[in-house]
Amino acid sequence: FSLNLAADCNAVLKALQPIFQEQGMTETVHNWEDHGYLVTYIKKNGSFANLRIHPHGLVLVDLQSYNDDMKGREEVDQLLNKVEERMKELIHGNIKRVKRLPAILRGGVIDRYWPTADGRLVEYDIDEVVYDEDSPFQNIKILHSKQFGNILILSGDVNLAESDLAYTQAIMGSGKEDYTGKEVLILGGGDGGILYEIVKLKPKMVTMVEISFNKWRIIHINLTSNIDQMVIDGCRKHMRKTCGDVLDNLKGECYQVLIEDCIPVLKRYAKEGRMFDYVINDLTAVPISTSPEEDSTWEFLRLILDLSMKVLKQDGKYFTQGNCINLTDALTLYEEQLSRLYCPVEFSKETVCVPSYMELY
């Protein structure tokens, strides 16, 4: 409750006390003089409530209980309804705002809470754990969402859902490119979505190099040995709406999948003089930390960029994801890297809504 006037802490406490007492809850009051009250109410079944009354006009009620059935939820709603009615009676027309948040479910079998790139917490409508395995390098989850289908999550980072064709189309050039008869190199892309869509467009050859981590912290580990077949295995079985059948075999009529670290592969291709019409980097999002200990991250990013430019034809194009549009500093830092490459480049950018990310990228 946000009030239009200062709160009479003692009056609020006395008005709400009977509601909790009716529930058989024992009361403990903490009084900080000029800083209001903190009151805890504890029930024999382990449920408890915190009532925080701030003198400046903010009243907070938090309830926590170990109860996931409908009856328990109804009891909580009834208690909160009584609190709201009593507050309106007490404060009359001086309540500026009442905000009731939905319950946060902790410790459940299914984890429905995942952060966005800019640090906001999103609750997904996850109803099933489809796949959950730890490879030697990362945790791989595929969870089912009623809205988005199966979602690939690597070490807590939402990567791609079956609903996210918009992401794949954008990182391929949003339908503006002609891949017919072209040589294409995909870095990462273990979900198979980009490979599946490009193969439909009749390229000459697509080479996909699947690196293990989708986290920039790989730079601090022995990068050359961290290849994760388990990402491909999980997606081949559980993300078929995204990858189709292209991951069933690592070689097809116009594509090959290399389970190798992309850095030595890029160096080898550069030495051999092998060139591509398109390089698509689907390794990771741009790191958001700019602290000194993360300097090597940007060096690694420039290394990937420089090596990619060395295998890209003069009129070729390089596509990659950036980050969510709220991370303006990270996006600016990324663009600065483009001016530090060994060769001059021109670039453009596009904003796309990726459904399962619940943010613009």
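Because the structure is a prediction, the values reported are computed rather than measured. (Residues numbered from 1 in each chain as written. Predicted model: local features only at pLDDT ≥ 70, side-chain atom pairs only at ≥ 80, totals over all residues. Heavy atoms only, no water.)

Enquirer: How should the pattern of salt bridges be read in this particular structure?
Expert: It is possible for side chains of opposite charge to pair when their charged atoms get near one another. Using the criterion set out here, one finds 16 salt bridges in the structure. The partner of Glu-84 in a salt bridge is Arg-100, and the shortest N-O contact between them spans 3.1 Å. Of this pair, Glu-84 sits in helix H2 (residues 70-91) while Arg-100 sits in the loop between strand S6 (95-97) and strand S7 (113-115), and the two are 16 residues apart along the sequence. Classification of Arg-100 as partly exposed rests on a relative accessible area of 36%. Arg-120 serves as the salt-bridge partner of Glu-359, at 3.6 Å between the closest nitrogen and oxygen. Within this pair, whereas Glu-359 is found in strand S19 (residues 359-360), its partner Arg-120 is found in the loop between S7 and strand S8 (121-123), the two being separated by 239 residues in sequence. Accessibility expressed as a relative area gives 9% for Glu-359, which makes it buried. Here the salt bridges share partners, and the residues they tie into one network are Glu-84, Lys-88 and Arg-100. (Salt bridge = Lys/Arg side-chain N within 4 Å of Asp/Glu carboxyl O. Helix = DSSP H or I, 4+ residues; strand = E, 2+ residues; numbered from the N terminus. Buried < 20%, exposed > 50% of the residue type's maximum accessible area, 1.4 Å probe, protein only.)

Enquirer: Can you walk me through the environment of Ser-65 in this structure?
Expert: Position of Ser-65 among the secondary structure elements: in the loop between strand S5 (58-64) and H2. As for Ser-65 and Met-309, which are separated by 244 residues in sequence, their C-alpha atoms are 57 Å apart. Dropping the residues within four chain positions of it, Ser-65 is found in contact with Ser-47 and Val-76. (Contact = heavy atoms within 4.5 Å.)

Enquirer: Any chance you could explain the UniProt feature "active site" (unreviewed entry) in the protein here in plain terms?
Expert: Following the UniProt record, the feature "active site" (unreviewed entry) maps to Asp-282 here. Asp-282 sits in the buried class, given a relative accessible area of 6%. Separated by 2.3 Å, the side chains of Asp-282 and Tyr-167 make a polar contact. (UniProt positions renumbered as here; feature names shortened; annotations may be inferred. Polar contact = N/O pair within 3.5 Å; in protein donor to acceptor, adjacent residues only side chain to side chain.)

Enquirer: Hey, could you run me through the packing of aromatic side chains in this one?
Expert: Within a pair of aromatic rings, the relevant descriptors are the distance that separates the centres and the angle that separates the planes. Within the structure shown, the criterion is met by 7 aromatic pairs. Between Tyr-357 and Tyr-361, the ring centres sit 4.9 Å apart and the planes meet at 65°, which makes this aromatic pair edge-to-face. In this structure, Tyr-357 and Tyr-361 share a single accessibility class: buried. The aromatic ring of Tyr-269 is capped on one face by Arg-274, whose charged end is 4.7 Å from the ring centroid. Looking at Lys-310, its charged tip hangs above the ring of Tyr-342, at a distance of 5.5 Å from the centre. (Phe/Tyr/Trp six-rings, centres within 6.5 Å; stacked < 30°, edge-to-face > 60°. Lys NZ or Arg CZ within 6 Å of the ring centre and 35° of its normal.)

Enquirer: Explanation requested: the pairing of strand S12 (residues 157-161) in the structure shown.
Expert: In the case of a regular strand, side chains alternate between the two sheet surfaces. In terms of burial, S12 is largely enclosed, as 4 of its 5 residues are buried. Both strand S11 (residues 149-154) and S12 contribute to a ladder of 4 bridges, which runs antiparallel. Looking across to S12, one finds that Leu-152 is bridged to Leu-160. Between S11 and S12, which pair antiparallel in sequence order, lie 2 residues; one of them, Ser-155, sits at a positive phi of approximately 50°. (Pairing = 2+ DSSP bridges.)

Enquirer: What exactly am I supposed to notice about the nonpolar core here?
Expert: Nonpolar side chains in soluble globular proteins tend to be buried together. Ranked by internal contacts, the top residues of the largest apolar core, which has 45 residues, are Ile-198 and Ile-280. Residue contributions to this core peak at 4 residues, all from S11. The contact partners of Ile-198, leaving out residues within four places of it in the chain, are Met-172, Tyr-179, Val-184, Ile-186, Pro-203, Val-206 and Ile-280. By size, the runner-up hydrophobic cluster in this structure holds 25 residues, among which are Ile-263, Phe-276, Leu-283 and Leu-307. (Core = buried A, V, L, I, M, F, W, Y, C linked by side-chain atoms within 4.5 Å.)

Enquirer: What's the story with helix H9 (residues 328-338) in this structure? I'm lost.
Expert: Think of an α-helix as 3.6 residues a turn; residues three or four steps apart then line up on the same face. Taken residue by residue, H9 has Ala-330, Tyr-334, Gln-337 and Leu-338 as its buried positions. The buried residues of H9 occupy an angular sector of 110° when projected down its axis, which confines them to one face. (Arc of directions from axis to C-beta.)

Enquirer: Looking at this model, I keep getting lost on helix H5 (residues 229-238). Mind explaining?
Expert: Within H5, the full set of buried residues consists of Val-231, Ile-232, Gly-234, Cys-235 and His-238. Buried residues of H5 fall within an arc of 165° about the axis and therefore sit on the same side. Looking at the buried residues of H5, the elements they touch are strand S9 (126-134), strand S10 (139-145), S11, strand S14 (205-209), helix H6 (240-243) and strand S15 (255-258).

Enquirer: Help me out: how do you make sense of the environment of Trp-298 in this one?
Expert: In this fold, Trp-298 is placed in helix H8 (residues 295-310). Judged by relative accessible area, Trp-298 falls into the buried class, the value being 7%. The sequence separation of Trp-298 and Tyr-179 amounts to 119 residues, and the corresponding C-alpha distance is 30 Å.

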